[in-house]
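Chain residues, written in single-letter form:
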Amino acid sequence: MKYLIASDIHGSLPALDAILDYYDREGFDQLILLGDLLNYGPRNGIPEGINAPAIVERLNAHADHIVAVRGNCDSEVDQMLFHFDMMSTYAVLVDASADGSVRRYFLTHGHIYPTKQMPAGKYDAIFYGHTHLQGTEEREGTLCVNTGSPTFPKGGNPPTFVTLVDGTIRIHHLDGSILTESSL
């Protein structure tokens, strides 16, 4: 399976459209959303192209292919608009790759795991956002992948999203170009 993973869209329609264009063009199977979909929170400015109704419409059109978790800016009111569940703190993805290997991935926003604590259990990788600082690091023998943010990147980083295909993790610039690559 081919996964596109994004976090911290914060209501920006242009950012979501760039992600969905890449998702559709490259033939991904699953869209994984790691929270903070509609609201931008008190620490950020107003995002470019803020348009919550259009974001809901576009994501609902992909609802059958979405796995989502709740971010710290997401609310129960947001859930009422979406046709997919997005209120869980985390999800676990078990993926059988083309080479026959089975990998376990922990999916979360990052405001609880892994920025405050690592989850219990053994995972091949943890995917999260929250800090808007894209990158990878190994913690306690697990690869931790921060997707960054397509809307409000921090630390001088560009706007980003992540892809996962057969154990290869790529951090992409919002324009689709590959910034970094890691293999499990």
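All of the points below concern the structure found in this document. (Residues numbered from 1 in each chain as written. Predicted model: local features only at pLDDT ≥ 70, side-chain atom pairs only at ≥ 80, totals over all residues. Heavy atoms only, no water.)

Okay, the pattern of salt bridges next. For the structure on display, the rule yields five salt bridges. Between Glu26 and Arg25 there is a salt bridge, with the nearest N and O atoms lying 3.7 Å from each other. For Glu26, a relative accessible area of 34% translates into the label partly exposed. (Salt bridge = Lys/Arg side-chain N within 4 Å of Asp/Glu carboxyl O. Buried < 20%, exposed > 50% of the residue type's maximum accessible area, 1.4 Å probe, protein only.)

It is worth spelling out the packing of helix 1 (residues 13-25) against helix 2 (residues 52-61) at this point. At a minimum axis separation of 10 Å, helix 1 and helix 2 run at an interaxial angle of 15°. When the axis of helix 1 is compared with that of helix 2, the two are roughly parallel. In the packing of helix 1 onto helix 2, the handedness of the crossing is left-handed. Contacts from Leu13, Leu16, Asp17 and Leu20 in helix 1 reach Ala54, Ile55, Arg58 and Leu59 in helix 2. Class assignment of the residues belonging to the contact of helix 1 with helix 2 gives a composition of six nonpolar, no polar and two charged. (Axes fitted to C-alpha atoms, helices over the stretch in contact; angles between N-to-C directions. Helix = DSSP H or I, 4+ residues; strand = E, 2+ residues; numbered from the N terminus. Parallel < 35°, antiparallel > 145°, perpendicular 65-115°, else oblique. Left-handed = near helix turned anticlockwise from the far one by under 90°. Contact = heavy atoms within 4.5 Å. Nonpolar A, V, L, I, M, F, W, Y, C, P; charged D, E, K, R; others polar.)

It is worth spelling out a nonpolar patch on the surface at this point. Taken together, the side chains of Tyr90, Val92, Val94 and Val102 make up a nonpolar region of the molecular surface, amounting to roughly 360 Å² of accessible area. Ranked by residues supplied to the nonpolar patch, first place goes to strand 4 (residues 90-96) with three residues. With respect to the helices and strands, Val102 occurs in strand 5 (residues 102-108). (Patch = residues over 30% accessible without salt bridge, like charges linked within 9 Å, V, L, I, M, F, W, Y side chains within 5 Å. Areas by Shrake-Rupley, 256 points an atom, 1.4 Å probe, with all protein chains shown as cover.)

Right, let's talk about the sheet that holds strand 4 for a bit. Taken in spatial order, the five strands of this open sheet run 4-5-6-8-7, and their pairing is mixed. Unpaired on one side and paired on the other, strand 4 and strand 7 (135-139) mark the two borders of the sheet. With direction set aside, neighbouring strand axes in the sheet form an average angle of 25°. The pairing of strand 6 (residues 125-128) with strand 8 (residues 142-146) spans four bridges and is parallel. In the sheet register, Phe127 faces strand 8, and the bridge partner there is Val145. (Pairing = 2+ DSSP bridges.)

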